[in-house]
Amino acid sequence: MSSFSISRFRALFGVFFCSIVTAQSFAQTNPGDSIKDRKWWKEAVVYQIYPRSFKDDNGDGVGDLKGIISKLDYIKSLGVNVVWLNPIYSSPNDDNGYDVSDYRNIMSDFGTMADFDELLKGMHQRGIKLVMDLVVNHSSDEHEWFKQSRSSRTSPYRDYYHWWNAENGKPPYRYSLFDVNHDAWRYDSLTNAYYLHYFSRKQPDLDWENPKLRQEVFNMMKFWADKGIDGFRMDAFQYVAKDTTWPMFPKGFEKNFNQYYGMVTGLHGYLQEMHKEVLAKYDLMTVAEGAGNTYEDAHNMVDSARRELDMAYAFDGIDVAKQDGYSLLKFKRIFTRWDSVFADQGWLSIFLANHDNARLVSRFGNDSREFREVSSKMLSTFLMTMRGTPYYYNGDELGMTNPGFTKIEDYRDKATLNEYQHMLNIHADMTAYLKEIAFSSRDNARTPFQWDDSQNAGFTTGIPWIKVNPNYKTINAAEEEKDPNSCLNYFRRLTKLRRDNLVFVYGKYTLLDKDNPNIYAYTRELNGKKMLVMLNFSSKTAAVNTLYNSVGANRLLDNYVGGAGSNKVEVSLRPYEAVIYQLR
Ligand code: GLC
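Analysis parameters
- Residues numbered from 1 in each chain as written.
- Predicted model: local features only at pLDDT ≥ 70, side-chain atom pairs only at ≥ 80, totals over all residues.
- Heavy atoms only, no water.
- Pairing = 2+ DSSP bridges.
- Helix = DSSP H or I, 4+ residues; strand = E, 2+ residues; numbered from the N terminus.
- Axes fitted to C-alpha atoms, helices over the stretch in contact; angles between N-to-C directions.
- Contact = heavy atoms within 4.5 Å.
- Buried < 20%, exposed > 50% of the residue type's maximum accessible area, 1.4 Å probe, protein only.
- Arc of directions from axis to C-beta.
- Core = buried A, V, L, I, M, F, W, Y, C linked by side-chain atoms within 4.5 Å.
- pLDDT = per-residue confidence, 0-100.
- Near = heavy atom within 4 Å.
- Polar contact = N/O pair within 3.5 Å; in protein donor to acceptor, adjacent residues only side chain to side chain.
- Areas by Shrake-Rupley, 256 points an atom, 1.4 Å probe, with all protein chains shown as cover.

### Brief notes about the sheet that holds strand β8 (residues 193–196)
Judged by pairing direction, the sheet is antiparallel, and its three strands sit side by side in the order β6-β8-β7 without closing on themselves. One side of each edge strand has no neighbouring strand; the edge strands of this open sheet are β6 (163–165) and β7 (185–188). Looking at each pair of strands side by side, their axes are set apart by 30 degrees on average, direction ignored. As defined by bridge partners, β6 adjoins β8 across three bridges and the pair is classed as antiparallel. Bridge pairing in β8 links N165 to A193.

### Focus: the sheet that holds strand β16 (residues 529–536)
In sheet architecture, strand pairing relies on hydrogen bonds along the backbone and comes in two forms, parallel and antiparallel. The five strands are arranged β14-β15-β16-β20-β18 in an open sheet whose pairing can be described as antiparallel. With one partner strand each, in any of the chains shown, β14 (508–512) and β18 (553–558) form the two edges of the open sheet. Averaged over all pairs of adjacent strands, the angle between their axes in this sheet comes to 20 degrees, without regard to strand direction. The pairing of β16 with strand β20 (residues 578–583) spans five bridges and is classified as antiparallel. Looking at β20, one finds that L535 is bridged to A578. Lying on the sheet, helix α14 (residues 372–385) is in contact with β15 (519–526), β16 and β20; it crosses β16 at an angle near 150 degrees.

### What to know about helix α6 (residues 144–151)
Among the residues of α6, W145, F146 and S149 are the ones counted as buried. Taken around the axis of α6, the buried residues stretch over an arc of 90 degrees, which confines them to a single face. Those residues of α6 that are buried are in contact with β4 (102–106), β6, β8 and α7 (211–227).

### Comments concerning the nonpolar core
Membership of the largest hydrophobic core comes to 157 residues, with the highest contact counts inside it found for I75, W208 and Y520. When residues in this core are grouped by element, the largest group, seven residues, is from α7. The contacts of W208, once residues within four sequence positions are left out, are V136, L213, R214, V217, F218, F237, V240, Y270 and M274.

### Regarding the confidence of the model for the protein
Summary statistics for the protein give a mean pLDDT of 94 and a share of 94% for residues scoring 70 or more. No element of the protein has a lower mean pLDDT than helix α1 (residues 12–25), which averages 36, and none a higher one than helix α3 (residues 65–70), which averages 99. A low-confidence stretch, residues 1–24 (pLDDT under 50), is modelled with 78 contacts involving residues beyond four sequence positions or located in other chains.

### Let's talk about the site of the ligand
If you check the shell around the ligand, you find 15 residues, and the closest are D95, D235, E289, H355 and D356. In the environment of the ligand, an oxygen atom lies 2.8 Å from a nitrogen or oxygen atom belonging to the side chain of E289. Within the side chain of H355, an N or O atom sits 2.8 Å from an oxygen atom of the ligand. Compared with its free state, where it exposes 310 Å², the ligand has 100% of that area covered by protein.

Following this line, the structure appears as structure tokens:
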């Protein structure tokens, strides 16, 4: 969550069917390999699809489920085996589906339940599993629960949400990430009370202390699990538990609000209850957004003996990059530390981009004409060769870039727009703010997927809900299909390499040349197989100094065109070069 830098889931038949899917699509070990605690979700490459921007089938300018169905063969061709779909439930779309008004229906913009069933079937037929977003820190204010809750203080739904009666004065300040006034308490005259919303006013927080609410959520999860989905990504879940004695927080707490909002007492109890009631009954992959404030917090959510969740999704790595760049040394320290802390117990997600952040190549690479392709491939190499489950955001396989919006009118994201209004209200430097959001706004990652060079990048025949990046004429899937050295085809080689070599999933990670400010080099080692990965994160040729300098090795992959090169480990790498060797 701290990544808001702009200030801020089977019926019996399903189980049987999915075990066939598992055998087809996940890596096989060689006889003799011994790997502790193998799981399909550890061996997965997750492809995140932002449905609103992926492919519009009916020409209304908004991506939809039929659009995704039409692209299933493309998704399969990427070599990914799990898709995480951002929310597709009924929603008034204040926050693009993260404000759910009916958890058991499909958003009308996206299609129907029949479309969903077809999509799920099409994925399973191709050996791809489906992880759904579970948005239960809050609902929409248009959800029936909230409508009832606000109707009267004595409504049976009153305690589904957090209310503060106004006769008790103003509630202790809580920071809202999306509110124009940053105020998480919203006065509602109907019952003369304030309700809590950590996100927008249209996203009231659910009260997890209420066992009835928890049961509603668990039943809803079973509804989707019985349909045959394969997992849940739990949105903002680290915030669900709240200290409802509502203590005053120190002035300025909002600068470190995670420390106050994240992992509050009660959370682990809720997760253990969810595990017992739902998760233990299905073969589901579970990941919560955010991993708390400490390594211990993260372990406490995912260590298998605790029976809570499967893997942690921590923001430290993605948060390193700021508008003015980032330090590779710090980046290496963070990923190395997380790996070591999870080496024996627990499991991690590996990601550098998603729908809440800038584009991968614009944030961590170099999106100039000269270096976009090579740096994008280099970053993909990193993501596909680290221990943990990679989450790869749609469009990054093409090297899509930030669109470079210059006007507030181009933005659609509520968080960005509300913060803009906030900055206006406080007479901030708006030129500086526009510059900042051109780097950090969530809309940077939400422009339509660039399929081809036809109008609107082949995304829609209508008017796209958000502008298409003008570079679609040259950066698009159709163009990249034709080029064996494109980012797209390179990404396919990477997923195949990971699929064929479990060493990249489970192998021991060792950092090399630790103090090198330009190069990230590491080995991965499993059952006698040892891979060496060397990545130049800089725009200059850079020396690399490891134990393996000039030794003979099999070069498995190089992101430079015609980079089959020599089979001796290089002592220097070209700008943004990425090389993978198998050591002999
Ligand atoms: C999560 C989602 C983000 C959403 C927020 C509120 O952080 O990733 O897109 O706006 O939660 O649901």
